[in-house]
Amino acid sequence: SVDAAQVNALMAQGAVALDIRDKEEHDADHLAGSLHVSRGKLEMNIEGLIPDLSTMVLCYCNANNRGALSANTLCQMGYSNVRYIAGGLKAYRAIV
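Cut-off values and rules
- Residues numbered from 1 in each chain as written.
- Predicted model: local features only at pLDDT ≥ 70, side-chain atom pairs only at ≥ 80, totals over all residues.
- Heavy atoms only, no water.
- Helix = DSSP H or I, 4+ residues; strand = E, 2+ residues; numbered from the N terminus.
- Buried < 20%, exposed > 50% of the residue type's maximum accessible area, 1.4 Å probe, protein only.
- Contact = heavy atoms within 4.5 Å.
- Areas by Shrake-Rupley, 256 points an atom, 1.4 Å probe, with all protein chains shown as cover.
- Lys, Arg positive; Asp, Glu negative; His and termini not counted.
- Charge placed at Lys NZ, Arg CZ, Asp CG, Glu CD.
- Pairing = 2+ DSSP bridges.
- Core = buried A, V, L, I, M, F, W, Y, C linked by side-chain atoms within 4.5 Å.
- Disulfide = S-S within 2.5 Å.

## Observations concerning the overall build of the protein
Consideration 1: The helix and strand tally for the protein stands at five helices and four strands.
Consideration 2: Walking the protein from its N terminus toward its C terminus, one meets helices and strands in the order α-β-α-β-α-β-α-β-α.
Consideration 3: Along the longest, intermediate and shortest principal axes, the C-alpha atoms of the protein span 30 × 30 × 20 Å.
Consideration 4: Relative to its 96 residues, the protein shows a buried fraction of 38%.
Consideration 5: Partitioning the contacts of the protein with sequence separation of at least 6, the portion at a separation of at least 24 is 64%.
Consideration 6: When the accessible surface of the protein is summed, it comes to about 5000 Å², and 50% of that surface belongs to carbon and sulfur atoms.
Consideration 7: Of the charged side chains in the protein, 8 are positive and 10 negative; the average position of the first set lies 3 Å away from that of the second.

## Observations regarding the sheet that holds strand 4 (residues 82-84)
Consideration 1: Pairing in this open sheet of four strands is parallel, and the strands run 2-1-3-4 from one edge to the other. The sheet terminates laterally at strand 2 (35-36) and strand 4, the two strands that pair on one side only.
Consideration 2: Pairing of strand 3 (residues 57-60) with strand 4 involves three bridges; the strand directions are parallel. Across the sheet, residue Val 57 finds its bridge partner in strand 4, namely Val 82.

## A short note on the nonpolar core
Consideration 1: Formed by 14 residues in total, the largest nonpolar core has its most connected members in Leu 18, Leu 42, Ile 46, Val 57, Cys 59, Leu 74 and Val 82.
Consideration 2: Taken together, the elements giving at least two residues each to this core come down to strand 1 (16-19), helix 3 (42-49), strand 3 and helix 4 (65-76).
Consideration 3: Discounting residues that sit within four places of it in the chain, Cys 59 has contacts with Leu 18, Gly 67, Ser 70, Ala 71, Leu 74, Val 82, Arg 83, Tyr 84 and Ile 85.

## A closer look at the environment of Val 7
Consideration 1: Within the element layout of this structure, Val 7 appears in helix 1 (residues 7-12).
Consideration 2: Note on Val 7: relative accessible area 0%, which makes it buried.
Consideration 3: When the C-alpha positions of Val 7 and His 26 are compared, they lie 17 Å apart, and in sequence the two are 19 residues distant.
Consideration 4: Ignoring sequence-local partners within four residues, the contact set of Val 7 consists of Leu 31, Leu 58, Ile 85 and Tyr 92.

## Section: the state of the cysteines
In protein chemistry, a disulfide is the covalent bond that joins the sulfur atoms of two cysteines.
Consideration 1: Throughout the structure, instances matching the rule amount to zero disulfides.
Consideration 2: With no disulfide of its own, Cys 61 lies 9.3 Å from the sulfur of Cys 59, the closest cysteine sulfur.
Consideration 3: The class for Cys 61 is buried, based on a relative accessible area of 4%.
Consideration 4: Not engaged in a disulfide, the cysteine Cys 75 finds its nearest cysteine sulfur in Cys 59; these two sulfurs lie 8.3 Å apart.
Consideration 5: Cys 75 sits in the partly exposed class, given a relative accessible area of 42%.

Coordinates in, geometry out; function isn't part of it.
Shown next, in the form of structure tokens:
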């Protein structure tokens, strides 16, 4: 995992924030500049969004569960630099 306080600095260095929540959740609020693919479509759509397997990807949901599961899935798919944002969007919003 990565602490929510580190997210802005990591994104400034080229990390991609990946919102894996449902479309309605994403539409209501999301990290500026993040990509969106719902957890249910992750395996089908991620390679089109992030083709470089070495890209630092920061998966997030509202808290931890879907973000952590998605990070694990991406690692299994060959992505080598994947983390999830500890506490998700709620933790991020609590510090910014």
